[in-house]
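Each chain, letter by letter, is given below.
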Amino acid sequence: MSVDLNEIEQAEVDLEEWLVEQSEAGVPELVLVGLLRDYADDVEDLGYVPRMWGNSKR
């Protein structure tokens, strides 16, 4: 599956914006880092991004 470089860059920008919004809303950075690590672990274990996280091991 090929991914357009522009899609990757846009996803990065979107994620950065979301992280800033969460931080500005008062979510501690360590909480955000923990969430990202947990989700990254899930994706690594599963081999894909679940479309419904409720179906993962959580």
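Scope of this entry: the structure provided in the associated data block. Predicted model, so just to flag it, every value in this text is computed and none were measured. (Residues numbered from 1 in each chain as written. Predicted model: local features only at pLDDT ≥ 70, side-chain atom pairs only at ≥ 80, totals over all residues. Heavy atoms only, no water.)

Observations regarding the overall build of the protein
On a plain count of helices and strands, the protein comes out with two helices and zero strands. Evaluated residue by residue, the protein yields a buried proportion of 7% over its 58 residues. Carbon together with sulfur atoms contributes 56% to the accessible area of the protein, which is approximately 5,100 Å² in total. (Helix = DSSP H or I, 4+ residues; strand = E, 2+ residues; numbered from the N terminus. Buried < 20%, exposed > 50% of the residue type's maximum accessible area, 1.4 Å probe, protein only. Areas by Shrake-Rupley, 256 points an atom, 1.4 Å probe, with all protein chains shown as cover.)

Regarding the packing of helix α1 (residues 5-24) against helix α2 (residues 29-46)
Running from N to C, α1 and α2 point in directions that differ by 140°, and their axes come no closer than 9 Å. By the angle between their directions, the pair α1 and α2 is classed as oblique. Regarding α1 and α2, the two cross each other, and that crossing is right-handed. Packed against α1, whose contacting residues are L15, W18, L19, Q22 and S23, the element α2 presents E29, L32 and L36 at the interface. Residues belonging to the contact of α1 with α2 are distributed by class as follows: five nonpolar, two polar and one charged. (Axes fitted to C-alpha atoms, helices over the stretch in contact; angles between N-to-C directions. Parallel < 35°, antiparallel > 145°, perpendicular 65-115°, else oblique. Left-handed = near helix turned anticlockwise from the far one by under 90°. Contact = heavy atoms within 4.5 Å. Nonpolar A, V, L, I, M, F, W, Y, C, P; charged D, E, K, R; others polar.)

With respect to α1
For α1, with 20 residues, the first-to-last C-alpha span of 29 Å sits near the 28 Å given by 1.5 Å per residue. The positive-phi residue at the C-terminal boundary of α1 is G26, with phi of around 105°. (Expected span 1.5 Å × (residues − 1).)

Focus: α2
The α-helix winds at 3.6 residues per turn, so residues separated by three or four positions along the chain end up facing the same way. Over its 18 residues, α2 runs 26 Å from end to end, which matches the ideal 26 Å to within 8%, given 1.5 Å per residue. Looking at the residues trailing α2, positive phi occurs at G47, about 85°.

Topic: a nonpolar patch on the surface
A cluster of nonpolar side chains, V3, L5 and I8, forms an exposed patch at the surface whose accessible area comes to about 270 Å². By secondary structure assignment, the location of V3 is in the segment before α1. (Patch = residues over 30% accessible without salt bridge, like charges linked within 9 Å, V, L, I, M, F, W, Y side chains within 5 Å. Salt bridge = Lys/Arg side-chain N within 4 Å of Asp/Glu carboxyl O.)

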